[in-house]
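Tertiary structure, described
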Amino acid sequence: MKRIFYIGAAALLVVLIGLASAPFLVPASLYKERIETAASDALGRKVTLTGEMKLSLIPRIEARAGATVIENPEGFGDAPFASMTELRAAVKLLPLLSSRVEIDEFVLVDPKINLIRLENGDANWEFGSEEAPAPEDTSEGGQGGGDFAAILGDVRLVNGEITYNDYTTGASHALESLDVRVKMDALDKPLSINGDGVLDGLDFELSTRVDDTKAILDGETSPVSLDLETDLVSGEVEGEITGGDTINLDLSANVSMPSVLDAAAFFGVSDLPAATALGEVSLEGRIVGAPGDLSIEDLVFTHASDLLTTSFNGGARIADTLSFSGRVDLDAPDLKALAASADAELPEGDAYRRFAFSGDASGGATNISLTNATLTFDDIVAEGSANLSLAGTPKITGKLSTGMLDATPYAAASGAEPEETSGGWGDAALDLSPLKLADADLEIAADALKFQNWDIGQTVLLITLKDGRLVADLKRTSLYGGAGVATITADGRGATPAVGLQAELQGLDIQSFLGAAANFDRIEGGGAFQINLAGEGATLDALMGSLAGAGSFDFADGAIRGVNLAQLVRSAEDALSAGTLPAALSDEAETDFTDLKGNFTIANGVATTADLAMLSPFLNVQGDGVLDVGGQSLDFSLFPESTDGSFGIGGYGVPVKVAGSWNNVQASLDFDWLTSRATQVVGDQIKGEIAKELGGSLGGALGGALGLPQSSETDAESAAVADDEPKSAEEQTEDRLRNAL
C-alpha cells in the first residue's frame, strides 16, 4: 500500500514538473502565433500580440500578454477596434479538479474600444451572423447552478476607454477613465461590482451587490442592491431578484434628477415640450414583476419648477403600454410664462394667469381620466370629472360645476376694450388663436355667468371646441329675470376672427338687458327677445361694425323713461307754438305701455327697425330708427297718436326724436318730421296760420325755421280740388293736423 502511494506521488510530481516546465520547453513565439491565429480566425479580423507573452501552469494557470491590438474590419478606418497595454489572467489549478472555477486574477490595463456604426448601418462590433449553440444544461431540473462553483478574486478593468460613433444619427459618446472592480468569494457569496468613470464629461460612481448569485441561477431569490451617483441623476435600488425561466423583481427604488432639462440635453433629447418649465424630478416606489411587465406600487412622483409643480401618488404598470392610477396635483402659477416655454403666446391682460388641478387620475401615456377633480383657472374654480387626451391636439371632455364664471377678462385679453372706455370699441387686435391650443367637449353648470355688463344667472353651458372654433350652447339659462337658450360661437380658424350669437329668451327684463347690450336703460318691462347675428373683424371695432342678422322683441307692462307721450300729445299745440320741449320731455317723465314690439335687421353693425309699435291705455305709438352698434349711437323717431283722437293736434302729439351716443342719449321734438309733413300738406297755409296765431315776425320766423315754401294761387286751387277727392288714411291724418293748425 505504501508503495502504491509512493508511485502515485511520484507520478503526480512528474506531471507537476512537466506542467511547470512546459512554458520553458515550448518557445513563446510558437504559442504567441497560435493565439494570434486562433483569435483572428474566431473574430474574423486580425489580432496582434505586440507585447511580451508569459505563460505558467503552476501553482496556477496564468497568462500575461503585453500590448494587444484587434484591428477593425475593412471600411472602418485605420484605428484599431480594440487595444490594451496589458492583460493578466490567472485561474487556480487545483479547484478545477472539483468543478470550481477560481479566477485568481483577471486584469485589463488601459483597454480602448472604438465602436462605430457606418452610414449604411454596418457596425464593427458585429462578428458574424451565426449564433453559437446554447451550452448543454446539465443541472438538475434543467436550470440553476448545480454543483458548479466559481470564485472571482482580483478582477479589474483599469483606465478603460470606450468611444461610440454612429454616423447614421450623428450620435457620439465617450466613456473614459473607466475603473471597474469585481469581487465574489464564492458563487453563493455576495457578488459586488464597483466602478467609476466619466461618460461624455459626466463623472459617475456605480456600486452593485448580489448577495447570492447561485440562488438566482437555481431559480431562487437573492437580495440585491444598486447605487448610482452623478450630478445629473442619482438613485438607490434595494430588494430581491428571483431567477427561473422568467426573472422576477421585487425592488424599492428612489431616484432623483435635479434638472430634467440638463439630463435631457446630456442624453441628446431636444425639442422637449415646455422645456424651460422643466425642473427637478424625484421618484420612489416598489417595482414588482418581470422586466417586460412591471408594476410600480406606492409610487410617489414629484416635479418642481418655478413654472410647473406636479405630484402623483398611486401606482403604475409598464407593459406593452403605460398605465397608472392615483392622486394628481398640478399647479402652474404663471400660465403665460408656461405657454411661452412651449412657444405659444397667451394674450396680455388680467387673464390666463394661473391653472391648477387636483383629483384622482387614471389612464396611460396619451389618455388621462380625472374624477373628484378640482380645476382652478384664474379666479374660476370648478369641480367634477374630465378626460384628457394627449394623442395629437390635447382634448378635454367632462362635466364640471362652478360658481361665478366671468368671461370679461378673457374678452379683454383677446382685444376687447374695457367697458368704461369711450370713442368706439377700440382698435386692439382680436386674438382668438388660444382656441387652437386644445379641443374640448365640456358641460359646465355655472351658478352665474358674467361678461362685461352682462350678468346671466344660473346656466348649463355646453362647450365644444374643435380646431380653433368654439361653440357655447346655453341650454338652460336665466338672463335678467328671463329664461331661454342661446348659442355663442367664436371662430379662430381663419385669418380674421369671427363670432356669432343666436338667442331666444322669454320673461326678459328689458331695462337690464338693454343696459348691458347698449348702455341704454330708459325702457322698462319684460317679455320675449330673439336675435341671430354674426360678424368678423381683426379688431373689436371692426367686428362690431360688421355685425349682420335679424331679430325681434315683444315686451309688456312697462314704461319708457324720459318722455311722457300722453302729456306730449295733450300739450302738442303749445309745444309746436313754443318750439321747445315741454315738461313731458325730461329725465323724470315716463310713458307707461301695455305692449311694445318690433322687428329689426342688422347690417354693417347697424340695427334698423321700421315697425316699432307701442300700445298704452291712451296712446298708440309708431316708430322707426336705427341702433348703430358699431358706432355706439342711436336715432329713433316716435309718432304718438291718441287712441280716440280726443286730444293733441288732430289726435297726434308732437313726434319725438331720441338720438345721440350711447353715453349721451337726448330726446327732442322731431321738427324734421313736422317740416316734412307740413311742407307736403299745407305749405304757406300752415305758415300763415302760424303767423296769425303767433303773431308777426315770430310766426314768420318759425315758419322759416320749419323751411316752409312760398305758396301760389295755383297751389291753393289744386289743394281745393284735391279736397273733393277720396283721401287715404295718411291724408286724413294730415288733414286733422291741418285743421288743428
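Residues numbered from 1 in each chain as written. Predicted model: local features only at pLDDT ≥ 70, side-chain atom pairs only at ≥ 80, totals over all residues. Heavy atoms only, no water.

1. Some remarks on the overall build of the protein chain
Note the threshold: The helix count covers DSSP runs of H or I at least four residues long, the strand count covers runs of E at least two residues long, and both are numbered beginning at the N terminus. Whether a residue is buried, partly exposed or exposed follows from its accessible area with a 1.4 Å probe, protein chains only, as a fraction of its type maximum: under 20%, in between, or over 50%, in that order. Here, two residues are considered to be in contact whenever any of their heavy atoms come within 4.5 Å of each other. Throughout, the Shrake-Rupley method with a 1.4 Å probe supplies accessible areas, and for residues the shown protein chains are the sole cover considered.
Each helix and strand in the protein chain was counted, giving 15 helices and 36 strands. By the burial criterion, 38% of the 741 residues in the protein chain qualify as buried. For the protein chain, the share of sequence-separated contacts (at least 6 apart) that also reach a separation of at least 24 residues comes to 48%. Carbon and sulfur atoms make up 55% of the accessible area of the protein chain, which totals about 39100 Å².

2. Some points on the pattern of salt bridges
Once their charged atoms are close, side chains differing in charge can pair, the charge on each being opposite to the other. This is how it is decided: Each reported salt bridge corresponds to a side-chain nitrogen of Lys or Arg within 4 Å of a carboxyl oxygen of Asp or Glu.
Tallying each qualifying case throughout the model produces 14 salt bridges. One salt bridge connects Arg 181 with Asp 196, and the closest N-O pair in it is separated by 3.6 Å. Of this pair, Arg 181 sits in strand E10 (residues 171-184) while Asp 196 sits in strand E11 (residues 191-199), and the two are 15 residues apart along the sequence. Judged by its relative accessible area of 26%, Asp 196 is partly exposed. One salt-bridge network, in which partners are shared between bridges, spans Asp 250, Arg 286 and Glu 297.

3. Thoughts on the nonpolar core
Which entries qualify depends on this criterion: Grouping buried Ala, Val, Leu, Ile, Met, Phe, Trp, Tyr and Cys residues that are joined through side-chain atoms within 4.5 Å yields what is termed a nonpolar core.
In this structure, Phe 513 and Phe 529 are the most contacted members of the largest nonpolar core, which totals 71 residues. Here this core gets 5 residues from one element, more than from any other, and that element is strand E24 (residues 439-451). Filtering out sequence-adjacent residues up to four positions away, Phe 529 remains in contact with Ala 503, Glu 504, Leu 505, Leu 508, Phe 513, Ser 552, Phe 553, Phe 555 and Phe 600. Counting 15 residues, the second-largest nonpolar core is a separate cluster that includes Phe 324, Phe 357, Ala 386 and Leu 400.

4. What to know about a negative patch on the surface
What counts here: Surface patches are drawn from residues lacking salt bridges whose relative accessible area is over 30%; two like charges belong together within 9 Å, two nonpolar side chains (Val, Leu, Ile, Met, Phe, Trp, Tyr) within 5 Å. Only four residue types enter the charge count, namely Lys and Arg as positive and Asp and Glu as negative; His and the chain termini do not. A charged residue contributes its charge at one atom only: NZ of Lys, CZ of Arg, CG of Asp or CD of Glu.
Residues Asp 203, Glu 205, Asp 227, Glu 229, Asp 231, Glu 236 and Glu 238 make up a contiguous surface patch of negative charge. Of all the secondary structure elements, the ones that give two or more residues to the negative patch are strand E12 (202-210), strand E13 (221-230) and strand E14 (234-242). With relative accessibility at 52%, the residue Glu 238 sits in the exposed group.

5. Description of unusual backbone geometry
Phi is positive for Asn 159, which is not a glycine, with a value near 55°. On the basis of relative accessibility, which here comes to 34%, the residue Asn 159 falls in the partly exposed class. Phi is positive for Gln 632, which is not a glycine, with a value near 55°.

6. Details of the packing of aromatic side chains
Heads up, the rule is: A pair of aromatic rings is counted whenever rings of Phe, Tyr or Trp (Trp by its six-membered ring) have centres within 6.5 Å, and the orientation is called stacked for planes under 30 degrees apart, edge-to-face for over 60 and tilted otherwise.
Under the defined criterion, the tally for this structure stands at 6 aromatic pairs. Considering the side-chain rings of Phe 312 and Phe 324, the 5.6 Å spacing of their centres and the 90° angle between planes classify their relative orientation as edge-to-face. Of the two residues, Phe 312 sits in strand E18 (residues 309-318) while Phe 324 sits in strand E19 (residues 322-332), which places them 12 residues apart along the sequence. Across the pair, exposure class does not vary: Phe 312 and Phe 324 are buried alike. Their ring planes at 65° and their centres at 6.0 Å tell us that Tyr 352 and Phe 377 sit as a pair that is edge-to-face. Of this pair, Tyr 352 sits in the loop between helix H5 (335-341) and strand E20 (355-364) while Phe 377 sits in strand E21 (residues 367-377), and the two are 25 residues apart along the sequence. A relative accessible area of 14% places Tyr 352 in the buried class. Taking the relative accessible area as the measure of exposure, Phe 377 reaches 26% and is therefore partly exposed.

7. Considerations on the confidence of the model for the protein chain
What counts is decided by this rule: Note on scores: pLDDT gives the predictor's confidence for each residue, bounded by 0 and 100.
Considering every residue of the protein chain, the mean pLDDT works out to 77; 72% of them sit at 70 or more. Low pLDDT, under 50, characterises residues 138-148; the stretch is placed with 17 contacts to residues that sit more than four places away or in other chains. A low-confidence stretch, residues 693-723 (pLDDT under 50), is modelled with 31 contacts involving residues beyond four sequence positions or located in other chains.

8. Examining the pairing of strand E15 (residues 248-257)
Regular strands have side chains that alternate between both faces of the sheet. For clarity, the threshold we go by: Criterion used throughout: strands pair if DSSP finds at least two bridges between them.
By the bridge criterion, 9 bridges tie E14 to E15 in an arrangement that is antiparallel. Paired with Ile 241 across the bridge in E15 is Leu 249. Connecting E14 to the antiparallel partner E15 that follows it, the hairpin turn spans 5 residues, and Gly 244 within it adopts a positive phi of roughly 130°.

9. Description of the environment of Pro 640
With respect to the element layout, Pro 640 can be found in strand E34 (residues 633-642). Sequence separation between Pro 640 and Val 621 is 19 residues; the distance between their C-alpha atoms is 4.3 Å.

10. Describing the environment of Trp 662
By the element assignment, Trp 662 lies in the loop between strand E35 (656-661) and strand E36 (664-669). Distance from Trp 662 to Leu 627, taken between C-alpha atoms, is 9.5 Å for residues 35 residues apart in sequence.

11. Observations regarding the environment of Gly 492
Looking at the element boundaries, Gly 492 is found in the loop between strand E27 (482-491) and strand E28 (498-509). For Gly 492, a relative accessible area of 6% corresponds to the buried category. Excluding anything up to four places from it in sequence, Gly 492 contacts Leu 432, Leu 435, Lys 436 and Gly 468.

12. Considering the side chain of Thr 163
By the secondary structure assignment, Thr 163 is in strand E9 (residues 149-166). Looking at Thr 163, the relative accessible area reads 18%, which means it is buried. The residues contacting Thr 163, other than those within four sequence positions of it, are Ile 113, Asn 114, Leu 115, His 173 and Ala 174.

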